[in-house]
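Architecture and fold: a report
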Amino acid sequence: MKALQSEIERRGRRIFELVDKHPEALFSKAGFYQRLMALSMRDERFKVQLFRFVDVLPSLRGSRDIVEHLNEYFSDNGFGPLINAGVRLAGVVPWLSGRILRWNVSGMAHQFIAGKNPDDVMATLRKRRAQKIGFTVDLLGEAVVSEADADEYAARYLDLLEKLALDTKDWTDPLGKNSELFPVVNLSVKISALYSQMNPADPADAITHLVPKLRPLLRRARELGAFINFDMESYAHKNTTLELFKTILTEAEFKDWPHVGIVIQAYLRDSEADLRDLIEWGRARSTRFAVRLVKGAYWDYETTKSLQNSWDCPVFFQKPQSDVNFETLTELLLENQSIVTAAFGSHNVRSIAHAQALADELGIDHSCFEFQLLYGMAGPIKQALVEMGYRVREYCPVGELLPGMAYLVRRLLENTSNEGFLRAKFAESVSAKELLRDPRELVKPDGAIPPGSPIPATARNQHRKNDASLDSAPGDVYRNSPLVNFVYKDSQDKMRSALREARSRFGEKYPLVIGGEKVWTDQLTPSVNPSAPDEIVGYGSEPGIPEAERAVKAARAAFGKWSRTPFEERARLLERAADIMERRRYELSAVEVFEVGKPWNEADADIREAIDFCRFYAQQMRRLGRPKLTQQVPGEESYHHYWPRGVAFVIAPWNFPIAIVCGMASAGVVTGNTVIMKPSEQSIVCGAMLMQVFEEAGVPPGVLNFLSGHGSVIGAHLVDHKDVDLIAFTGSREVGLKIWESAGITRPGQRELKRVICEMGGKNAMIVDSDADIGEAIGYSIYSAFGYQGQKCSALSRLILLEENYDRVMERLIPAAASLRIGNPEEPGIMVGPVIDEAAYRRILDYIEVGKSEATLAYQAKDLPPHGYFIPPTIFTGVKPNMRIAREEIFGPVLSVLKVRDLDEALEVANGTDYALTGGFLSRSPDNIERVKAQLEAGNVYINRSCTGAIVGRHPFGGFKMSGSGTKAGGEDYLLNFLVPRVVTENTTRHGLAPEQTPEYREEFLWPKLQ
Ligand SMILES: Cc1cc2nc3c(=O)[nH]c(=O)nc-3n(C[C@H](O)[C@H](O)[C@H](O)COP(=O)(O)OP(=O)(O)OC[C@H]3O[C@@H](n4cnc5c(N)ncnc54)[C@H](O)[C@@H]3O)c2cc1C
């Protein structure tokens, strides 16, 4: 080991000597790019603004637009005289400044992009050939949002391949040795660019679609003697990429073809297992293949994404851990040199020197492996390696600026990263000794996060189970339950087996639960599978007025004791329920898939939300529950506190069949009310499952009563009941308004003014600004409009496009809608399933007819499953704000597109509706974003993301106007709706003598000893 370290140092020093002969221009002090990089490295805030500006620039059209953005990003931010002077100058001569900026940024991009098109790139490749540097060419592409995009991309790959083969046909191997392992023409392929509907939960579907697209490319590459490399992208696609690689290359046609490679990312914790598996596969296939070993380009993305979803983070947290792993995998590759050809993709001299030293130790000739480096980066290292007699290949991206932006920003991040080698060596001149240190010495014990690391503190707990809030201080930040990550095969298998299990229980009967007793009635109501209406998922007992009366009595009877039960006990009940749902997670999700047609990930998100409601409300109750001293005043104490209201009637919809009913019922229960819970007639089984969960958690008799049944029979009776004190309703506007009105009437014998929590529908709009990232705008719009068939109250139904952008968006929106996977959501990866029932089916079809008469039918899907309540995703254009399809809630996969002049009109249209639930804005203009944040009338405003998918605690959810009474489910103040506030004041002086201190909280009087 020691000898190896000395050899690494010796080689490293040699590389540095050669590098120092050719200084790295990118990090020199002169030039536009260089100065920006230097500023970025000094000021993190500037770096963020700069990269955002660079990202939007290519999509801006006029100089004035450019200058306005420059102003918005950089003025008044204290970014120093250089930038401020530039901004001022741009204000004076926008025409000139706009052009200069565009020219400079495009110059910056062309430092990393080897050419605009295949012709262009050849000039670069020829130059490199003269320097004995080979190439692999990658085609830059915009986010592929449709199959039309993907097909075009595949065709461009084929053209590129032909061109490269033709133009390099007389080129020979630079080393002239073992050249059969290293074809001259080498193409790097990104599989996500070839299929627009990749879903991590469904690798089989992706492979089915990708294999036929790849076959012609591989076949032609083989005929031309070229090499194809499968690049690796984000973790979500990793398993699919590996599986695809193995599947297609085991086909008879390609089984004996050695000129294929794949990437392994050493920053991934599971990369060693993947590499071992690949090697084993390669041995079984008994044909050589190649692996490009890299650290990985998506570190920031992976950490952010996993933190957002509370997932275990797939990447290492410490940079030296990635370095150590890179060396471990280098060893594994070189030891298996007989079956796998290694390419080391790194600019880090330590990683490179280690590979060199180890190869020598194992007696592997220089010509049997190669080093690969990126175009425009680490030029002197490439030259040094060539001089040392190594094989060097450059990764050359080809494409226009706009599609190249994501790549450019990744490179800029890499060059300015605090932890990167290039910055340390070329910008900060860290010593060779330091740069060549064994990374093992630098790893902090126990995976600790080093101080100053970019990882937020919340990540520290990432690997712990999301524990209940039991120990957390009142008001502590809530950590959400993780979503199931369907990228793992284990999760996919568990879901499949849960679906089988749920199916085997089809037709079961579920009782009412009143006062802790199971109650059966003569009439059973079937709940059907909307994907296959002849399948009955289960039956619920249908209650009548007598059962409703019984439930009110049971709830009333239980109220006295429950309202006096310490809130800690009530909170624990919710946490036990959350734990049970966590344990039965897949089972509950599977029932949702069948009963309400939810796709896998949507069903899982619903269970996660239910779990979060329980834990979050438990936490909030601990915060609110203790009587709190109002002021410290000598001789007097006043405690502000809350009492429960009484009996709560919870009326829930079917579209979030466990989460919403659970949220309302658990809020009622934890605040000390007793509850009658009525799920929707369409989701009786989900409601019954939730009742089972609470029974298992130990809810006392009468505290939670379950009445599945028709609103028309028992709903009005209970809403009007003198002994019902609170109604928590989520559903349609029509029913909500009736409840609101009826609950306002005081009936004989009624003790309380009824409190109504009323959450209703929406007619949600998203505005796409003229500078929005079109690919992202389409992805978010499509998901918001058609995810779960548009049956979320938050779903997008009005897409508002600025005139300037209209054609560009529509050109890609319709093909994107046409590419959606529609089908039975029992299959993983389905985006659009059936609508809930026949009535909804007919109503939505009627609305489509209305749309046809009012506006222009721009798109309607054709291939639908023959059975089940499937509605084709439909898009109308030419929609005007006064049309019915632009005003009325449709609750299905129907999207209206409205064209407007400018942002003023866009806001007017967006706000010109009866509703105010969710709203979205897609833009890269900081000023416009601030304006929309301030002016869009919606309870939940979403910027640069989809307008659905609220998370408990993070996005308290609920609207106003005709969308609701202004409550926020999953928010800090939600529980207050279930409580009446009280203040108890006591004069504590006796003859002028007062206690010195009054405690801040006092709760004894809430729980007096009952006589
Ligand atoms: C020819 C070539 C092809 C490539 N192809 C791909 C590809 O297909 N897919 C892909 O994902 N990447 C690919 N990369 C890798 C990627 O783009 C970066 O260039 C590479 O990760 C930088 O590593 P380095 O060894 O040059 O630099 P170093 O500075 O030594 O390492 C930087 C890398 O360390 C990792 N890192 C940074 N911070 C941390 C931290 N806190 N904890 C843990 N790890 C951290 C990141 O991976 C980061 O990129 C390719 C690279 C090259 C040269």
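Cut-offs and rules
- Residues numbered from 1 in each chain as written.
- Predicted model: local features only at pLDDT ≥ 70, side-chain atom pairs only at ≥ 80, totals over all residues.
- Heavy atoms only, no water.
- Helix = DSSP H or I, 4+ residues; strand = E, 2+ residues; numbered from the N terminus.
- Rg over C-alpha atoms; globule rule 2.2 N^0.38 Å.
- Buried < 20%, exposed > 50% of the residue type's maximum accessible area, 1.4 Å probe, protein only.
- Contact = heavy atoms within 4.5 Å.
- Areas by Shrake-Rupley, 256 points an atom, 1.4 Å probe, with all protein chains shown as cover.
- Lys, Arg positive; Asp, Glu negative; His and termini not counted.
- Charge placed at Lys NZ, Arg CZ, Asp CG, Glu CD.
- Pairing = 2+ DSSP bridges.
- Right-handed = clockwise from strand over helix to strand, strands pointing away.
- Salt bridge = Lys/Arg side-chain N within 4 Å of Asp/Glu carboxyl O.
- Axes fitted to C-alpha atoms, helices over the stretch in contact; angles between N-to-C directions.
- Near = heavy atom within 4 Å.
- Polar contact = N/O pair within 3.5 Å; in protein donor to acceptor, adjacent residues only side chain to side chain.
- Nonpolar A, V, L, I, M, F, W, Y, C, P; charged D, E, K, R; others polar.
- Phe/Tyr/Trp six-rings, centres within 6.5 Å; stacked < 30°, edge-to-face > 60°.
- Lys NZ or Arg CZ within 6 Å of the ring centre and 35° of its normal.
- Core = buried A, V, L, I, M, F, W, Y, C linked by side-chain atoms within 4.5 Å.
- Disulfide = S-S within 2.5 Å.
- Parallel < 35°, antiparallel > 145°, perpendicular 65-115°, else oblique.
- pLDDT = per-residue confidence, 0-100.
- Expected span 1.5 Å × (residues − 1).
- Arc of directions from axis to C-beta.

Let's shift gears to the overall build of the protein. Scanning the protein from terminus to terminus reveals 33 helices and 30 strands. The C-alpha atoms of the protein give a radius of gyration of 32 Å, which matches the 30 Å a tight globule of 1011 residues would have. For the protein, the spread of C-alpha atoms along the three principal axes comes to 100 × 75 × 65 Å. Across the 1011 residues of the protein, 60% fall into the buried class. Considering only contacts in the protein between residues 6 or more positions apart, those separated by 24 or more positions represent 78%. Approximately 39,500 Å² of the protein is accessible, and the part contributed by carbon and sulfur atoms is 52%. Distance between charge centroids for the protein: 3 Å, based on 122 positive and 133 negative side chains.

Here we take up the pairing of strand S17 (residues 674-678). With five of its five residues buried, S17 lies for the most part within the structure. Residue alternation in S17 divides its side chains into two sets, Thr-674, Ile-676 and Lys-678 and Val-675 and Met-677, and both sets are buried. In terms of strand pairing, strand S16 (residues 647-651) meets S17 through five bridges, oriented parallel. If you follow Val-650 over to S17, its bridge partner there is Met-677. Once you follow S16 into helix H24 (residues 659-670) and on to S17, the crossover reads as right-handed. Pairing analysis gives three bridges linking S17 to strand S18 (residues 704-706), with the strands arranged parallel. Residue Val-675 lies in a different strand from S18, and its bridge partner there is Leu-704.

All right, on to the pattern of salt bridges then. Counting across every chain of the model gives 80 salt bridges. Note that Lys-238 and Asp-274 form a salt bridge whose closest N and O atoms lie 2.7 Å from each other. Taken together, the residues Lys-238 in helix H10 (residues 238-250) and Asp-274 in helix H11 (residues 271-285) connect sequence positions 36 residues apart. Here the residues in one salt-bridge network are Glu-501, Arg-505, Arg-583, Arg-584, Glu-587 and Glu-696, joined through shared partners.

So, about the sheet that holds strand S28 (residues 940-943). The strands that make up a sheet pair up through hydrogen bonds in the backbone, lying either parallel or antiparallel. Pairing in this open sheet of seven strands is mixed, and the strands run S23-S24-S25-S22-S21-S27-S28 from one edge to the other. In this open sheet, the two strands that pair with only one neighbour each are strand S23 (856-860) and S28. The mean angle between the axes of side-by-side strands here comes to 20°, regardless of whether they run parallel or antiparallel. Of the pairings in the sheet, the one linking strand S21 (residues 764-768) to strand S27 (residues 918-922) comprises four bridges and is parallel in character.

Attention now goes to the site of the ligand. Surveying the vicinity of the ligand reveals 31 residues, the closest of which are Gly-296, Ser-322, Ser-346, Glu-414 and Phe-421. One of the backbone N or O atoms of His-347 is found 2.7 Å from an oxygen atom in the ligand. Starting from 940 Å² of accessible surface for the ligand in isolation, the protein chains cover 95%. Put simply, the parts of the chain that give the shell around the ligand at least two residues each are strand S4 (260-265), strand S5 (289-294), helix H13 (319-335), strand S7 (370-374) and helix H16 (401-416). When the residues that make up the shell around the ligand are grouped by side-chain class, the tally is 13 nonpolar, 10 polar and eight charged.

Scanning all chains against the criterion turns up 24 aromatic pairs. Measuring from ring centre to ring centre gives 6.1 Å for Phe-135 and Trp-171, while their planes differ by 85°; the resulting arrangement is edge-to-face. Of the two residues, Phe-135 is situated in strand S1 (residues 133-139) and Trp-171 in the loop between helix H8 (147-167) and strand S2 (186-189); the sequence distance between them amounts to 36 residues. The same class applies to Phe-135 as to Trp-171, namely buried. Linked through ring pairs, Tyr-478, Phe-613, Phe-616, Tyr-617, Tyr-974 and Phe-978 together constitute an aromatic cluster. Taking NZ or CZ as reference, Lys-295 lies 5.1 Å from the ring centre of Phe-326, over its face. Across from the ring centre of Tyr-806, 4.6 Å away, lies the NZ or CZ of Lys-899, which sits over that ring.

Core analysis: the largest hydrophobic core is formed by 133 residues, its most contacted members being Phe-230, Phe-344 and Ile-381. Membership of the second largest hydrophobic core comes to 77 residues, among which are Val-484, Phe-616, Leu-624 and Ala-648.

What follows is about the state of the cysteines. Considering all chains together, one arrives at zero disulfides under this definition. Cys-686 forms no disulfide, and the closest cysteine sulfur to it belongs to Cys-662, at a distance of 12 Å. Cys-758 takes part in no disulfide bond, and the closest cysteine sulfur to it belongs to Cys-793, at a distance of 12 Å. By relative accessible area, Cys-758 is classed as buried at 1%.

Our next topic: the side chain of Asp-173. Residue position: Asp-173 is located in the loop between H8 and S2. Engagement of the side chain of Asp-173 in a polar contact is seen with the backbone nitrogen of Gly-176, the distance being 2.8 Å. A polar contact of 2.5 Å, which involves the side chain of Asp-173, links it to the side chain of Arg-391. With sequence-adjacent residues up to four places away left out, Asp-173 is seen in contact with Ser-179, Phe-182 and Arg-391.

So, on to the packing of H10 against H11. Pairs of packed helices are described in terms of their axes, by the angle between the two and the distance that separates them. At their nearest, the axes of H10 and H11 sit 11 Å apart, and the two run at 5° to each other. Here H10 is positioned roughly parallel relative to H11, judged by the angle of their axes. For the pair H10 and H11, contact is made by Lys-238, Leu-242, Phe-245, Lys-246, Leu-249 and Thr-250 and by Asp-274, Asp-277, Leu-278, Trp-281 and Arg-285, respectively. Taken together, the residues that form the contact of H10 with H11 break down as five nonpolar, one polar and five charged.

Bringing the environment of His-237 into the picture now. Relative to the helices and strands, His-237 resides in the loop between strand S3 (227-230) and H10. According to the relative accessible area criterion, His-237 is buried, its value standing at 15%. Along the primary structure His-237 and Glu-180 are separated by 57 residues, whereas in three dimensions their C-alpha atoms are 31 Å apart. Discounting residues that sit within four places of it in the chain, His-237 has contacts with Ser-192 and Met-198.

A word on the sheet that holds strand S9 (residues 508-510). The strand order across the open sheet built from three strands is S9-S13-S12, with neighbouring strands paired in mixed fashion. Here the strands that pair on one side only, and so sit at the sheet edges, are S9 and strand S12 (524-529). Sheet twist, expressed as the average angle between the axes of neighbouring strands with direction ignored, equals 35°. Its contacts with the sheet place helix H22 (residues 585-596) against S12 and strand S13 (532-541), and it is angled at close to 95° to S12.

For strand S19 (residues 726-730), the tally of buried residues reaches five of five residues, placing the bulk of the element in the interior. Neither face of S19 is open: one carries Leu-726, Ala-728 and Thr-730, the other Ile-727 and Phe-729, and all of them are buried. Judged from the four bridges that link them, S16 and S19 form a sheet pairing that is parallel. The residue bridging Val-650 from the neighbouring strand is Ala-728, located in S19. The pairing of S19 with strand S20 (residues 755-759) spans five bridges and is classified as parallel. Of the residues in S20, the one forming a bridge with Leu-726 is Arg-755.

Considering every residue of the protein, the mean pLDDT works out to 92; 93% of them sit at 70 or more. Considering only residues more than four positions removed or in separate chains, one finds that residues 457-475, a stretch of pLDDT under 50, has 38 contacts.

Our next topic: the environment of Arg-615. With respect to the helices, strands and loops of the structure, Arg-615 is situated in helix H23 (residues 600-625). Residue Arg-615 is classed as buried on the basis of its relative accessible area, which comes to 0%. C-alpha separation for the pair Arg-615 and Arg-576, spaced 39 residues apart in sequence, amounts to 9.1 Å.

On to helix H19 (residues 489-504). Counted at 1.5 Å a residue, the expected span for H19 with its 16 residues is 22 Å, and the 23 Å between its end C-alpha atoms agrees. All buried positions along H19 are accounted for by Ser-491, Gln-492, Met-495, Ala-498, Leu-499 and Ala-502. For H19, the angular spread of buried residues about the axis comes to 125°, placing them on one side. Facing away from the buried side of H19 by over 90 degrees, the exposed positions are Lys-489, Arg-500 and Ser-504. As for H19, its buried residues are in contact with helix H9 (203-224), H22 and H23.

Our focus in this paragraph is the environment of Ala-297. Structurally, Ala-297 can be placed in the loop between S5 and helix H12 (299-309). Taking the C-alpha atoms as reference points, Ala-297 and Asp-138, separated by 159 residues in sequence, lie 15 Å from one another. Not counting chain neighbours up to four residues away, the residues in contact with Ala-297 comprise Tyr-267, Arg-410 and Arg-411.

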